[in-house]
Amino acid sequence: MEVEVTVNGVAYRRDTEPRRLLVDFIRTELGLTGTHIGCDTTSCGACTVLFDGVPVKSCTMFAVQADGHELTTVEGLRRNGELSPVQAAFKEHHGLQCGFCTPGMMLVATALLSSNPDPTEEDVRWALSGNICRCTGYTNIVEAIRSAAATMHETAGVES
Amino acid sequence: MTTTHQPATPFEMGGIGHSVRRKEDDRFIQGAGRYLDDIQLPGMLHMAILRSPIAHGRILSIDTSEAEATDGVVAVVTGEMLAAHGLAWMPTLSGDTQAVLATDKVRYQGQEVAAVIATDPYVARDALSGIFVDYEELPAITSPQQALEPGAVLIRDEKEGQTDNVAYTWEAGDKAATDEAFAKADLVVTLDTHYPRSHPAPLETCGVVADVNPATGEATIYLTSQAPHAHRTLFAIVAGLPEEKIRVVSPDIGGGFGNKVPIYPGYVVATAASLLIGKPVKWVESRSENLISTGFARDFHMHGELALTADGRILGLRASILSDQGAFYADAQPTRFRAGLFHICTGSYDFGAAHVTAKGAFTNKAPGGVAYRCSFRVTEASYLIERLVQNAAYELGMDPAEFRLKNFIRPEQFPYLSPTGFVYDSGDYHTALRKAMEMIDYEGWRRRQQEPHPEGKLIGIGIASFTEVVGAGNSRTYDIAGLKMIDSAELRIHPTGKAILKLGVKSQGQGHETTFAQIVAEELGIPFEDVKVQEGDTDNTPYGLGTYASRSTPVAGAATAVVARQIREKARKLAAHLLEASPDDLEWEPGRFFVRGVPDKGVTIQEVAFAAYTNFPEGMEAGLEGVHYYDPPNMTYPFGSYIVVVEIDPEDGTWKVLDMVAVDDCGVRINPMIVEGQITGGLTEGFAKANMQWITFDENGNCIGSNFLDYLVPTAWEAPRFRLGETVTPSPHHPIGAKGVGESATVGSPAAYVNAVIDALWSKGVRNIDMPVLPHRVWGALNGVEVAP
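Residues numbered from 1 in each chain as written. Chains lettered and ligands numbered in written order. Predicted model: local features only at pLDDT ≥ 70, side-chain atom pairs only at ≥ 80, totals over all residues.

1. Here's the deal with the overall build of chain B
Right, so step 1: Scanning chain B for helices and strands turns up 19 helices and 35 strands.
Right, so step 2: Relative to the globule expectation of 28 Å for 789 residues, the C-alpha radius of gyration of chain B, 27 Å, shows essentially globular dimensions.
Right, so step 3: Across its three principal directions, the C-alpha atoms of chain B cover 85 × 75 × 50 Å.
Right, so step 4: The proportion of buried residues among the 789 residues of chain B is 61%. (Helix = DSSP H or I, 4+ residues; strand = E, 2+ residues; numbered from the N terminus. Rg over C-alpha atoms; globule rule 2.2 N^0.38 Å. Buried ≥ 20, exposed ≤ 12 C-beta atoms within 10 Å, placed from the backbone.)

Encoded structure:
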């Protein structure tokens, strides 16, 4: 089946099997390997992408369901040659170790901050509760996201 | 001796003690890491594995014809086909053999039976349903107790001389001295507990891309490997390939925790398939495959006894272990020690006698016995002694902190020879515990615990004061499959003063690209940003045994410091040549030699490096590089004290962490930020095991816990918050005084959580609840009701 999808602002048209999972489509057919696969049961969130701005687990959607929609993957977080505040905060606050869950975590965080610019610790932890990290114990991920929120406030303040 | 470490270098140089940000993060935060499954090679084929649906059965027939006829299927591999090449069985890391693809029987649910090689991964999986296997089902043995019953069905009937289900027996310590200690005891406290089967479950599963060049026979094996060099050698031995034709490349690794130490059947089948077909073959496990077939951990049934005096002194310890090994004895552990380093179970305490016996049994479960974020069974050992010590204190009517302080090895006793033969390098256990008590306000919590709770909740306070043994070897005592447990570092300084450091270990998230560069920065004054750290490619790194058992910093870190110091000595001669001075007249400060008494007259390490290739004195070999193989004189012994406060709801048996402090002493900390990250992750994994995370089986040997819906790992929502503290007692024998920290918190913390729950329930008569301390177990214990496991 033919699929037309915009990923990170780039339009793609591909012919793909109806049963092809979105994550496999993104990784193999589009070559965007920053989206990872960590489980078979929609449990771990390593495959999280933004689907019209909303986090979804791309292992539990078919590629054809993305037809006509916009996706953001980790490769699309960097804008105008600059790391996004979430990316920068993950590095600054040691919010990653092996890096395998990191793309999913950062995409969830990006979506959270776009709808809730000033989340509490509870808000952040709840937003992340569909994503598993086996390395960090989450403390620094939560700190990174709250710090990114603060940075985005400051930047917004400067701009306005 | 507790000290604090003041960095000797400026922050930008990033030597030891600086929390510089990680160099590896730039690629990970941009989705530009390169993990195993990201590798695509031209013409690459995909493999899927057919696994046994039953736990125990004889294979009567395998019909692969329908699978072979499927469009896109290139080959179907069975055990019979491998047997023709001598590859149906392979050695394990504990000297047993393991089936690659089953030929005679299946011995656990999930065992590898056949493999499909196809042009597309979906096709490969589809075609599995076109393989028909007839089994004659046999009784499944699902516990080691059952395995040792008279008349139990023989699981390893193919193994020559094997007449029962015993995998090994082993002992350590002094039985006579221990019996004597128990004869003198005023009181003996016992504990029986099962440390349940668990799985490391790194977020990236295991996989391989085997690429054998049909023209040259050279094999490049991309592998999720914590030990690429050891794996190359084992591949040479298992597959009979010449070792110079094997290149193992371990790319970015999405977590290991011990899961990526063994060689798994899928690796061997994919490599054999690539060899026979002449094309690259990729195999990546699904999560279920990972959880049901690869590297389980723990599964120790433990009995412990402490001999005590009435005034609260420990006289001796007896421990006996029955371990559930699964169908093949495949523990990843040093050859000489059949139950790993479990005999470190005397822990942080000073007493004269201990005797440890261990027996392992074959069962119809997956093999493994990997050290899950642990140095070879030190986790089980630490758990047993820390649980026993708490129960002993209560039986004596003592506070568990007071009891520990009374029995700890004292600072002046180091180096300390333990009753089972370990020589503890350094420690100050009293200071660590007192610091933890102060941080959490131990006395305050003890008072609050006595006050009536407005909602009827129960408060419990648990302590664990663990001591680890990590950083294997020395080579005299420690080897795996005959390979001595050394590690190495090769350091090359380029003409422009930048450097590359090549190591035989392999990071799986620990941050080696940063911390090992920091060691070079410390020793040579080259900014850490200028030092590239390369690992994982056996063609381009010196030999090493790999990263597990917290051994990278103790062994490869030491090798790095030593080779850097050797290079500095050559640099001194070059500097003397440049400054027209005697080497003995030069002083060193980070990054620069200068003439003693004339601080302005000096040369930087970068200038010296340039001279090593452009202006070296006559008679001196050009270049500035070296390689060092480090054989540790001893293990290192990190320690710490953790205190956790929990609140239990007696209505439903749930419990939550109200506060937790962790005081760790891992010697000198190279990068405090990274150390704290390791500890926080480990405390969370410890909580997981205490609270929710285990793998169990039904009576037919069906694995329960085969996916993340059943095998519960904590998310950010369940994970507790922690407060961290530190003491610094350098290792006296390590070049930079570091001890290793990656596993401390996983080793030490489970007992703290369980001790806290038992502390709350002790007055109700509860003496033990096995992990995971699930709500229904707590409720059952509180109400004296027998509950399902």
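2. Overview of the overall build of chain A
Right, so step 1: Counting its secondary structure elements, chain A contains 5 helices and 5 strands.
Right, so step 2: Taking 15 Å as the expected radius of gyration for a compact globule of 160 residues, we find that chain A reaches 16 Å, a close match to that expectation.
Right, so step 3: Summarising its shape, the C-alpha atoms of chain A cover approximately 45 × 35 × 25 Å along the three principal directions.
Right, so step 4: Across the 160 residues that make up chain A, the buried fraction comes to 56%.

3. Remarks on the domain arrangement of chain B
All names here are of chain B.
Right, so step 1: One can read the domain layout of chain B as domain 1 (25-30 + 487-630), domain 2 (36-138 + 206-284) and domain 3 (142-205 + 285-374).
Right, so step 2: Put simply, the middle of domain 2 and the middle of domain 3, counted by C-alpha atoms, are 30 Å apart.
Right, so step 3: Facing 31 residues of domain 2, the contacting portion of domain 3 comprises 33 residues. (Domains from an automatic or database assignment. Contact = placed C-beta atoms within 7 Å.)

4. Observations concerning the interface of chain A and chain B
Right, so step 1: Counting residues at the interface gives 44 residues for chain A, matched by 42 residues for chain B.
Right, so step 2: When residues of the side of chain A that touches chain B are traced back to their parent elements, those giving at least two are α2 (85-92), α3 (102-115), α4 (121-127) and α5 (139-159) of chain A.

5. Quick look at the sheet that holds strand β1 (residues 2-7) of chain A
Residues and elements named next belong to chain A.
Right, so step 1: Across the sheet, 5 strands lie side by side as β2-β1-β5-β3-β4; this open sheet has mixed pairing. Of all strands in the sheet, those with a lone pairing partner are β2 (10-15) and β4 (54-57), marking the two edges. Taking each pair of neighbouring strands and ignoring which way they run, the sheet shows an average axis angle of 40°.
Right, so step 2: With 2 bridges joining them, β1 and strand β5 (residues 70-72) adopt parallel strand pairing. Opposite Val 7, over in β5, you have Leu 71 as the bridge partner.
Right, so step 3: Those strands touched by α3 are β3 (48-51), β4 and β5, and its axis lies near 30° from that of β3. (Pairing = 2+ DSSP bridges. Axes fitted to C-alpha atoms, helices over the stretch in contact; angles between N-to-C directions.)

6. A few points about helix α15 (residues 552-579) of chain B
Right, so step 1: An ideal rise of 1.5 Å per residue puts 40 Å on 28 residues; α15 of chain B measures up with 38 Å between its terminal C-alpha atoms.
Right, so step 2: Downstream of α15 of chain B by one or two residues, Glu 580 of chain B has phi in the positive range, about 55°. (Expected span 1.5 Å × (residues − 1).)

7. Some remarks on the nonpolar core
All names here are of chain B.
Right, so step 1: The biggest cluster of nonpolar side chains holds 311 residues, and the ones touching the most others in it are Met 47, Leu 101, Ala 115, Val 116, Val 520, Ile 643 and Val 757.
Right, so step 2: In terms of residues, this core owes the most to one element, α15, which gives 13 residues.
Right, so step 3: Excluding anything up to four places from it in sequence, Ala 115 contacts Met 47, Ala 48, Ile 49, Leu 50, Val 77, Leu 101 and Val 269. (Core = buried A, V, L, I, M, F, W, Y, C linked by C-beta atoms within 7 Å.)

8. Some details on helix α10 (residues 378-396) of chain B
Spacing of three or four residues puts side chains on the same side of an α-helix, whose turn is 3.6 residues.
Right, so step 1: Its 19 residues give α10 of chain B an end-to-end C-alpha distance of 27 Å, which sits within 8% of 27 Å, the value for a rise of 1.5 Å per residue.
Right, so step 2: Just downstream of α10 of chain B lies Gly 397 of chain B, where phi reads positive at about 75°.

9. Re the confidence of the model for chain B
Right, so step 1: Looking at chain B as a whole, its pLDDT mean stands at 97, while 99% of the residues score no less than 70.
Right, so step 2: ipTM for the predicted complex: 0.98, alongside a pTM of 0.97. (pLDDT = per-residue confidence, 0-100.)

10. Remarks on the packing of α10 of chain B against helix α11 (residues 400-407) of chain B
Residue and element names in this part refer to chain B.
Right, so step 1: The geometry of α10 relative to α11 is characterised by a closest axis approach of 9 Å and an angle of 110° between their N-to-C directions. Here α10 is positioned roughly perpendicular relative to α11, judged by the angle of their axes. Contact with α10, carried on its side by Val 389, Gln 390, Ala 392, Ala 393 and Leu 396, involves Pro 400, Phe 403 and Arg 404 of α11 and no other residues of that element.
Right, so step 2: For the contact of α10 with α11, a count of residues per class yields 6 nonpolar, 1 polar and 1 charged. (Parallel < 35°, antiparallel > 145°, perpendicular 65-115°, else oblique. Nonpolar A, V, L, I, M, F, W, Y, C, P; charged D, E, K, R; others polar.)

11. Description of the environment of Glu 158 of chain B
Residue and element names in this part refer to chain B.
Right, so step 1: By the element assignment, Glu 158 lies in the loop between α5 (144-147) and β9 (166-173).
Right, so step 2: The class of Glu 158 is partly exposed, set by 14 C-beta atoms lying within 10 Å.
Right, so step 3: Separated by 232 residues in the primary sequence, Glu 158 and Gln 390 place their C-alpha atoms 45 Å from one another.

12. Some words on unusual backbone geometry
Residue and element names in this part refer to chain B.
Right, so step 1: Of the consecutive residues Phe 414 and Pro 415, the connecting peptide bond is found in the cis state with omega at -5°.
Right, so step 2: Among the secondary structure elements, Pro 415 is positioned in the loop between α11 and β19 (416-417).
Right, so step 3: For the bond from Ala 472 to Gly 473, the omega torsion is 10°, close enough to zero to count as cis.
Right, so step 4: Along the chain, Gly 473 turns up in the loop between β21 (458-467) and β22 (479-480).

13. Re the domain arrangement of chain A
Interfaces are frequently sized by the accessible area removed from exposure as the parts join.
Residue and element names in this part refer to chain A.
Right, so step 1: What the domain assignment lists for chain A is domain 1 (2-76) and domain 2 (85-159).
Right, so step 2: Distance from the C-alpha centre of domain 1 to the C-alpha centre of domain 2: 21 Å.
Right, so step 3: Counting residues at the interface gives 17 residues for domain 1, matched by 12 residues for domain 2.
Right, so step 4: Per-element accounting of the side of domain 1 that touches domain 2 gives the leading share, 3 residues, to β3.

14. Section: the pairing of strand β11 (residues 207-212) of chain B
Residue and element names in this part refer to chain B.
Right, so step 1: Of all 6 residues that make up β11, 6 are buried, and the element is covered over most of its length.
Right, so step 2: Neither face of β11 is left uncovered, since the one carrying Gly 207, Val 209 and Asp 211 and the one carrying Val 208, Ala 210 and Val 212 both have all their residues buried.
Right, so step 3: Of the pairings in the sheet, the one linking β11 to strand β14 (residues 281-284) comprises 4 bridges and is antiparallel in character. Bridge pairing in β14 links Val 209 to Lys 282.
Right, so step 4: Strand direction decides the pairing type here: β11 and strand β12 (residues 219-223), joined by 5 bridges, are antiparallel. Directly across from Val 212, in β12, lies its bridge partner Ala 219.

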